[in-house]
There are 2 protein chains.
Amino acid sequence: MSDPGFTPPAIDFRTAPERYRHWRLTVDGHVAWLGLAVDEQGGLMPGYELKLNSYDLGVDIELYDAVQRLRFEHPEVGCVIMHSAHERVFCAGANIRMLGRASHAHKVNFCKFTNETRNSIEDASAHSGQIYICAVRGSCAGGGYELALACEEIILADDGASSVSLPEVPLLAVLPGTGGLTRLVDKRHVRRDRADFFCTTEEGVRGQRALDWKLVDALVPASAFLADVGTRAQALAARSDRPGASTGVHLAPLARELREDGLRYSQLDVTLDRALGLATFDVHAPRTAPDSLASALAQGAAFWPLALARELDDALLHLRFNEEYVGTWVFRSSGDATAVLAIDDLLDANSDHWFIREVLLYWTRVLKRIEVSARSLFALIEPGSCFAGSLLELVLAADQSFMLDGSRDDAALPPATVALHAHNFGRYPMVTGSGRVAARFSADPAAVAQLERAIGRALDARESARLGLVTFTPDDIDWEHEVRIALEARAGFSPDALSGMEANLRFTGGETLESKIFARLSAWQNWIFQRPNAVGPSGALPLYGSGKRARFERGRV
Amino acid sequence: MSDPGFTPPAIDFRTAPERYRHWRLTVDGHVAWLGLAVDEQGGLMPGYELKLNSYDLGVDIELYDAVQRLRFEHPEVGCVIMHSAHERVFCAGANIRMLGRASHAHKVNFCKFTNETRNSIEDASAHSGQIYICAVRGSCAGGGYELALACEEIILADDGASSVSLPEVPLLAVLPGTGGLTRLVDKRHVRRDRADFFCTTEEGVRGQRALDWKLVDALVPASAFLADVGTRAQALAARSDRPGASTGVHLAPLARELREDGLRYSQLDVTLDRALGLATFDVHAPRTAPDSLASALAQGAAFWPLALARELDDALLHLRFNEEYVGTWVFRSSGDATAVLAIDDLLDANSDHWFIREVLLYWTRVLKRIEVSARSLFALIEPGSCFAGSLLELVLAADQSFMLDGSRDDAALPPATVALHAHNFGRYPMVTGSGRVAARFSADPAAVAQLERAIGRALDARESARLGLVTFTPDDIDWEHEVRIALEARAGFSPDALSGMEANLRFTGGETLESKIFARLSAWQNWIFQRPNAVGPSGALPLYGSGKRARFERGRV
C-alpha cells in the first residue's frame, strides 16, 4: 500500500539473528555467547570499511536486537558472554571514518542509541537475571572498552598483549562518550587521577596494572581463556533467578506499513505533518484484558503491552533517525481505560514472573527512550482516550499536556478522564531513578499522597488539573485554537534551544549513572562534536588515518 | 616594575565600592541594599550599550566584589536586598548585543563566572547567615530573573505590570543558562510542565499566577513596595547568627605585579610558559601561625589563608579570561607544613567565629573555582614543599600529581612529605557536595579510614602512593623527564577534548544544584552557543534587535 513515488528511508531497526552480519549468537544451556565478528564490507552506509571489529549503527542495531531477544526468547539464559570472534582484536570501537563522514545529527543520534543499548545491557544484568560478562582478548579500545564497561565483569587475557584503552582524547580529540568516562569513575570507581592518566594514554593498560587500577576484574591465562570464561559464566548463570527450562516468547517480525505520511502498526499509528514538524502517535488500547498469566503467555509477542512497547520503540527510533525535521511528538490514545487498568493489574500481580518482568522492564526502557529523545513531547487527552496507568506515563513524560474539559460539541463521547494505577508510583523509573509522579512533585509529598488516594478513579479534566496531572484544560470552544497555538509556537523555536531546555527541565532531582551519561557526558560530547579541533578541516576526526596530524586551536574554552 | 613594552590585559577583576559604576551598595544597620543601576555607557568592551539594566562581565565583576565585601566587611549585615534603582525595570539580563559580538570562549567564560557569582550568593544565604532576598519591580527577564532565582525569596510587586520571565528560548535561541532552568525545577520545584510553558513564553508571568506557580514567593502592593521589603529583610536579619555589632575585616586593595611572564602577589607567584601553555602557581606558606583568633583578626586581610585565597581567586580569574592559550595549571608550594597545619588547627578551633567561617567558606569557593576551570590541573610535590591540610586540597583537586621520591641529587632539602588534616575530610566540599578524599575513594571507605588514621603525620612519597594520595612518585633521576613528558603530552591534546574529559572525571558521585548547573546546563548551553541557529549569520543572537527574524535550521539533533 505504500506510495509508489516514495523511497523508504534508509535506516530500519528491525532485524533478527538469521540476518545478522556482525554478531554470532550461540546459546549453550544457561549461557549465551555473543560474539562480535564484524563484516568489514557490511557498513550501513558507503564510504568506510569496518576494520578491526569496529562498529557503526548497523552493528549496534544487531546488538540491540540480540539483547532484546535474549531477554524474551531465552528465559533459560542466566549469563551472556560478550566476546570477539577474532583472537587478536576484541573491538576497535566506533568506526572513525564513519564518524568523520557523519553529519553532526547522525553522530549525536548514533551515540544516543549506542548509549541506550549499553544501558539496556546493564538493565538486563541488574534486573533480568541475565548477567553480561565480557571476555577481552586482543586490543579492546575506545567504544570496544565501553562495551566491556557495560558488562558486570571484564575478564582480560593475561598474554602480555591484550589491553584495554580509551584513546579518544589523545587520538581523536573527542571523548569516550558512550558511557566510558562516567563508568570508569562512577561504576568501577577507578581513582580519578588514574582515570585521567588512562584516558590520555593512547596505548592503554594491560595485565596487572589493569587489574590493580580496577580497569578489569580478572586476568586469565591465554591458554585456557574461553574455557575459563565459560566456567565463570556457568557459575553466574547458576545464581540467576531466571527459569531454567521455560519456553521463551518469540519476537515475531514487527509488521508495519511505512507511508509517506506516517507509520501504521497493529496498536499504533504515527501520522506526520511535516509542514508543522509534527508526529502524532495514536495509541490503541484493546477492549479486553487477558484473563490470566497463562493467556498473556499464550499471546506471546501479541500480548498488548509487549506489542505496543515494540511498536513504540520501533517508531521512536525510526523518527529519530529518519525524520529529524519532525521536532514535536504528540501522544494521543483511544480505547477502553478499564482494559488498560485490568492489564496493569495482571502485570502487577505477576511482576515476578520472568515474562511479565521483561514486559515491565521493556516499558521502562521505552519510556526512557521517549524522554531522552531530542523532541518536544505533548499529550492530548480527548474524549475517547484511555490514558490510564501505564499509558498515563506518556502524559507524565510529556513536556506539556492538554486535556479537554467537558464534551465535544457533538457530545458523541463522554468527557475525557484519566486514571492512576499503582504503576504510576515508581514502577517505571526515569533515567534519574525517580518515578514520574515523584519527580513531578519532588518537594511535595502531600501532592503525591493525594494522587495515591485517587488510584483507580476516573479523573475528569478539572480534577486532573487540580491534582496537577495535566497542564492545561481548555473546553471544546478553545481546544482547537489553544492546541494549535501551542504546537505552532513550538515549531517556531530553535530546535537546539528546545533540545537543551527539555533536557534540563525533564530530569529533576537525583542522578544516576544513566542520567549522568545522557546529561553531562553526552552534552559535552555533543559540544566537542561541533568544535573545529574535532570536526574542522584540520580536526582529528576527518584527518584520522590520512597520515596528517590534526592541528589544534589551542585556546581553552 | 612591569615590562615597558607590555600592554596589560583588558580584564581586571579587582574593584571596590567607591569605583562601582553599576551597583549602589547601602548598609542600613543589619540590612544591606544592593541596587542595580547599570550605567548604559559603562560596558566593559566597546560596541554595545547596557540598556534596561542589562549586564556584561563588568557589571558582574562589581556584583562579585559586593558579595565578597558584604561577607567580610559587614559582619553586622544579616540580610541583603537585591533591587533595581529603576522603577520600571528590574533587569533585562545579560546584554544581547554583547553576547552577539562575543567570542565563543568569552561567552562560555562569562557564563561560568556569572554562575559562580550566583552560587556565591546562595552560599552566603546558606552558610554565612547573610540571606539574600530579591525585590522585583518592573520587568525581570532572563538573567535578571536568574539573579532573583539565586536569592532565597523573590518578592514581586503586584502592580499588574511587574513580571518575571525567561525568554531566552523563544527570543534568543539559547538557554536560561545561568542556573535558570536548574533552579526553576530543582530549587523552586516549579512543576516541569509549567516550567516548560514559562520558558517558552516570551512575555513571562505576573501576579497571582507567578505566585501559584512558585515563580515568586510573595506579591506585595506597589504602594508600599520597598517599605514592605525592608520590613521582611529586618525580620530575616534578626534571625541571622552573624554578630550584630562586630567590626568587619577590610579587604584592602590586592597588590599584584603583572609581568609579561606572570603575576606576582604576596603569597603567590604565577609563572607563564606560553610555549608549553603552562602556568605554574607557586604558593608560599608562612613560617609561623598566629597564636590566637585575636591575632588572626588583627591581621585582617593579611591573615594568610585569606590573603592566599584572594590572590588565588584573582589569579584564576585573570588566567581564565586573559590567558586562554595557557591550558595547564601546575601547583607547587614552599614553606613550613607545620605552620600550615597550625593555621588549620586555628581555623578548625574557631570555625564558628564569623570571620573564620568566612575564610573557610572562601577557601571552599576558591577550590571549587579551580576545579570548574577548563584547564588541566597538575600538582608537583617536591622537597621544600608544604602540601598539608588546606594546601593538600590543591593536590587532591589536581587531575594528576607527581611526588618526588627521596631527595634531590644535591640533598639540600629533606625528601618531600605531605600531611593530612581533619580539614581534608569534608571541610571544603566540591560542587558535588562531597569532600575530595571521599570522592577520590568513593567506593572504598576502608581507604578513607586509613587516611583518617594518618592525619597529622608527615607522609613520604612511598606512603602517599600507598595511601592513594598521589598519582606518580618518580625519583630524582626520572623526575625531570617524567614531569616534562606529562606536561608536553598534555599540551599536545585537543583543548576541547581535555575540557570535556576533565569535567567528567573530576566530579564523581552525587550531584547538587551547583554541579548540575556546571555539568548539565552549562554543557548544553556551550553546545547551543556553537549552533548556527544561535550564533550563525542568520542566528538569533546576531540578529537580535536588527528587525530581522532569525532563520532556523529545523533539524532536531
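First things first, this report covers the structure right here in the doc.

About the thresholds
Residues numbered from 1 in each chain as written. Chains lettered and ligands numbered in written order. Predicted model: local features only at pLDDT ≥ 70, side-chain atom pairs only at ≥ 80, totals over all residues. Heavy atoms only, no water. Helix = DSSP H or I, 4+ residues; strand = E, 2+ residues; numbered from the N terminus. Rg over C-alpha atoms; globule rule 2.2 N^0.38 Å. Contact = heavy atoms within 4.5 Å. Areas by Shrake-Rupley, 256 points an atom, 1.4 Å probe, with all protein chains shown as cover. Lys, Arg positive; Asp, Glu negative; His and termini not counted. Charge placed at Lys NZ, Arg CZ, Asp CG, Glu CD. Pairing = 2+ DSSP bridges. Axes fitted to C-alpha atoms, helices over the stretch in contact; angles between N-to-C directions. Buried < 20%, exposed > 50% of the residue type's maximum accessible area, 1.4 Å probe, protein only. Least-squares fit on C-alpha atoms with pLDDT ≥ 70 in both. Parallel < 35°, antiparallel > 145°, perpendicular 65-115°, else oblique. Left-handed = near helix turned anticlockwise from the far one by under 90°. Nonpolar A, V, L, I, M, F, W, Y, C, P; charged D, E, K, R; others polar. Salt bridge = Lys/Arg side-chain N within 4 Å of Asp/Glu carboxyl O. Phe/Tyr/Trp six-rings, centres within 6.5 Å; stacked < 30°, edge-to-face > 60°. Lys NZ or Arg CZ within 6 Å of the ring centre and 35° of its normal. Right-handed = clockwise from strand over helix to strand, strands pointing away. Buried area = accessible area lost by both parts, 1.4 Å probe. Polar contact = N/O pair within 3.5 Å; in protein donor to acceptor, adjacent residues only side chain to side chain. Disulfide = S-S within 2.5 Å. Expected span 1.5 Å × (residues − 1). Core = buried A, V, L, I, M, F, W, Y, C linked by side-chain atoms within 4.5 Å.

**Focus: the overall build of chain A**
And then number 1: Regarding its fold elements, chain A presents 22 helices and 17 strands.
And then number 2: Taking 24 Å as the expected radius of gyration for a compact globule of 557 residues, we find that chain A reaches 24 Å, a close match to that expectation.
And then number 3: Seen through its C-alpha atoms, chain A measures out along the principal axes to roughly 75 × 55 × 55 Å.
And then number 4: If you take every contact in chain A between residues at least 6 apart in sequence, the share linking residues at least 24 apart comes to 76%.
And then number 5: When the accessible surface of chain A is split by element, carbon and sulfur atoms take 50% of a total near 19,200 Å².
And then number 6: Each charge class in chain A can be summarised by its mean position, and for the 58 positive and 72 negative side chains these summaries are 7 Å apart.

**A short note on the sheet that holds strand β2 (residues 31-36) of chain B**
Residues and elements named next belong to chain B.
And then number 1: One open sheet holds the 6 strands; their spatial order is β1-β2-β3-β5-β7-β10, and the pairing between them is mixed. At either end of the open sheet lies a strand with only one pairing partner, and these are β1 (23-28) and β10 (218-221). Averaged over all pairs of adjacent strands, the angle between strand axes in this sheet comes to 25°, irrespective of strand direction.
And then number 2: As defined by bridge partners, strand β5 (residues 131-136) adjoins strand β7 (residues 153-158) across 4 bridges and the pair is classed as parallel. The residue of β7 that forms the bridge with I133 is E153.

**Here's the deal with the pairing of strand β15 (residues 328-334) of chain A**
All names here are of chain A.
And then number 1: With 5 of 7 residues buried, β15 lies mostly within the body of the structure.
And then number 2: Note: strand β14 (residues 278-284) against β15, 7 bridges, orientation parallel. Counted as the bridge partner of L278 is T328 from β15.
And then number 3: The sheet contact formed by β15 and strand β16 (residues 376-381) spans 4 bridges and is parallel. Bridge assignment links T328 to a residue of β16, and that residue is S376.

**A few points about the relation of the copies chain B and chain A**
And then number 1: By a simple turn and slide, chain B fits onto chain A: the slide is 0.0 Å along the axis, the RMSD is 0.0 Å, and the turn is 180°. Interpreted geometrically, this transformation is the action of a two-fold axis.
And then number 2: The fraction of interface residues of chain B whose copies in chain A are also interface residues reaches 100%, indicating that both copies meet through the same surface.

**Quick look at the packing of helix α3 (residues 104-127) of chain A against helix α20 (residues 513-528) of chain A**
All names here are of chain A.
And then number 1: Interhelical geometry of α3 versus α20 gives an angle of 160° and a closest axis separation of 11 Å. By the angle class used here, α3 and α20 are roughly antiparallel. Crossing hand, α3 versus α20: right-handed. Between α3, through H104, V108, K112, N115, E116, N119 and E122, and α20, the contact on the second element is made entirely by L513, E514, I517, F518, S522 and N526.
And then number 2: By residue class, the composition of the contact of α3 with α20 is 4 nonpolar, 5 polar and 4 charged.

**Concerning the side chain of A:K107**
All names here are of chain A.
And then number 1: Mapped onto the secondary structure, K107 falls in helix α3.
And then number 2: Of the side chains with opposite charge, E324 lies nearest to the buried K107, which makes no salt bridge, at 12 Å.
And then number 3: Not counting residues within four places of it along the chain, the set of residues in contact with K107 comprises L99, A102, F529, V535 and L541.

**Quick look at the packing of aromatic side chains**
And then number 1: The final tally for this structure, using the stated rule, is 36 aromatic pairs over all chains.
And then number 2: Ring plane angle 20° and centroid distance 6.4 Å describe the contact between A:F378 and A:F402, whose orientation is recorded as stacked. Residue A:F378 is found in strand β16, and its partner A:F402 is found in strand β17 (residues 400-403); the two are separated by 24 residues along the sequence. Just as A:F378 is buried, A:F402 falls in that class too.
And then number 3: Relative to A:F472, the ring of A:F402 lies with its centre 5.4 Å away and its plane at 40°, an arrangement referred to as tilted. One end of the pair, A:F402, is in strand β17; the other, A:F472, is in the loop between α17 (461-466) and α18 (476-492), with 70 residues separating them in the sequence. For the pair formed by A:F402 and A:F472, the shared burial category is buried.
And then number 4: The ring centre of B:Y55 lies 5.4 Å from the NZ or CZ of B:R118, which sits over that ring.
And then number 5: Against the face of B:Y64 rests B:R369, its NZ or CZ located 5.0 Å from the ring centre.

**Looking at the sheet that holds strand β2 (residues 31-36) of chain A**
By way of backbone hydrogen bonds, the strands of a sheet pair with one another, either parallel or antiparallel.
Residues and elements named next belong to chain A.
And then number 1: The strand order β1-β2-β3-β5-β7-β10 describes an open sheet built from 6 strands, whose pairing is mixed. On the outer flanks of this sheet lie β1 (23-28) and β10 (218-221), each paired with one strand and no other. Adjacent strand axes in the sheet meet at a mean angle of 25° when their direction is disregarded.
And then number 2: Across 4 bridges, strand β3 (residues 79-84) lies against strand β5 (residues 131-136) in parallel orientation. Bridged to M82 within β5 is C134.
And then number 3: Sheet strands in contact with helix α1 (residues 57-73) are β1, β2, β3 and β5, and its direction is about 15° off that of β1.

**Some words on the pairing of strand β16 (residues 376-381) of chain B**
Residues and elements named next belong to chain B.
And then number 1: With 6 of its 6 residues buried, β16 lies for the most part within the structure.
And then number 2: Sheet topology places β16 next to strand β17 (residues 400-403); 4 bridges connect them, and they run parallel. Pairing of I381 across the sheet is with M403, part of β17.
And then number 3: Handedness of the crossover joining β16 and β17 through helix α14 (residues 392-397) is recorded here as right-handed.

**Overview of the interface of chain B and chain A**
And then number 1: Taken together, the 83 residues of chain B in the interface contact 83 residues of chain A.
And then number 2: Around 8,200 Å² of area is buried between chain B and chain A when both sides are counted, 55% of it from carbon and sulfur atoms.
And then number 3: Considering only the side of chain B, the residues that lose the most area to chain A are B:R192, B:R520 and B:R556, jointly responsible for 13% of the buried surface there.
And then number 4: Here chain B and chain A share 14 salt bridges between them.
And then number 5: In this structure, the salt-bridge partner of B:D496 is A:R531, at a minimum N-O distance of 3.2 Å.
And then number 6: Seen at the junction of chain B and chain A, the total is 59 residue pairs in polar contact (both at pLDDT 80 or more).
And then number 7: Looking at the side of chain B that touches chain A, the elements with two or more residues in it are α3 (104-127), α5 (168-172), α6 (180-187), α7 (192-199), α14, α18 (476-492), α19 (495-505) and α20 (513-528) of chain B.
And then number 8: Tallying contributions element by element places α19(B) first for the side of chain B that touches chain A, with 11 residues.

**Digging into the pattern of salt bridges**
And then number 1: Inspection of the entire model under this criterion finds 100 salt bridges over all chains.
And then number 2: Within the structure, one salt-bridge network assembled from shared partners comprises A:R192, A:D196, A:R556, B:D399, B:R490, B:E502 and B:R506.

**A few points about the state of the cysteines**
All names here are of chain B.
And then number 1: As enumerated under the stated definition, the model contains 0 disulfides over all chains in all.
And then number 2: Not engaged in a disulfide, the cysteine C140 finds its nearest cysteine sulfur in C134; these two sulfurs lie 5.9 Å apart.
And then number 3: The thiol of C151 is unpaired, and the distance to the nearest cysteine sulfur, on C134, comes to 4.6 Å.
And then number 4: According to the relative accessible area criterion, C151 is buried, its value standing at 0%.

**Topic: unusual backbone geometry**
Residues and elements named next belong to chain A.
And then number 1: Unlike most non-glycine residues, N53 shows phi in positive territory, near 55°.
And then number 2: Within the chain, A411 stands out as a residue other than glycine whose phi angle is a positive 50°.
And then number 3: Assignment of secondary structure puts A411 in the loop between β17 and α15 (436-440).

**Some remarks on helix α13 (residues 354-371) of chain A**
Count 3.6 residues to each turn of an α-helix, and residues three or four apart come out pointing the same way.
And then number 1: When the terminal C-alpha atoms of α13(A) are compared, their 26 Å separation across 18 residues agrees well with the 26 Å that a helix rising 1.5 Å per residue should span.
And then number 2: Among the 18 residues in α13(A), 18 count as buried, and that is most of the element.

**A few points about the nonpolar core**
And then number 1: Residues A:Y145, A:L184, A:F281, B:Y145, B:L184 and B:F281 are the most contacted members of the largest nonpolar core, which totals 339 residues.
And then number 2: Those residues in contact with A:L184 that lie beyond four places of it in its chain are A:Y145, A:L149, A:L166, A:H189, A:V190, A:A195, A:F198, A:C199 and A:L215.

**Side note on helix α7 (residues 192-199) of chain A**
And then number 1: Within α7(A), 6 of the 8 residues are buried, which leaves it mostly tucked inside the rest of the structure.
And then number 2: A:R192, A:D193, A:A195, A:D196, A:F198 and A:C199 are the residues of α7(A) that are buried.

**Describing the side chain of B:S515**
And then number 1: Tracing the backbone shows B:S515 in helix α20.
And then number 2: Exposure remark for B:S515: the relative accessible area of 2% places this residue in the buried category.
And then number 3: Apart from residues lying up to four places away in sequence, B:S515 is in contact with A:R520, B:V431, B:T432 and B:R520.

**Description of the packing of α1(A) against α13(A)**
Residues and elements named next belong to chain A.
And then number 1: It is at 10 Å that the axes of α1 and α13 come closest, and there the two elements cross at 150°. Classified by the interaxial angle, the pair formed by α1 and α13 is roughly antiparallel. Here Y64, Q68, R71 and F72 of α1 come into contact with α13, specifically with W354, F355, E358, V359, L361, Y362, R365 and R369.
And then number 2: Here the contact of α1 with α13 is composed, by residue class, of 7 nonpolar, 1 polar and 4 charged.

Purely spatial values, then, with no claim about function.
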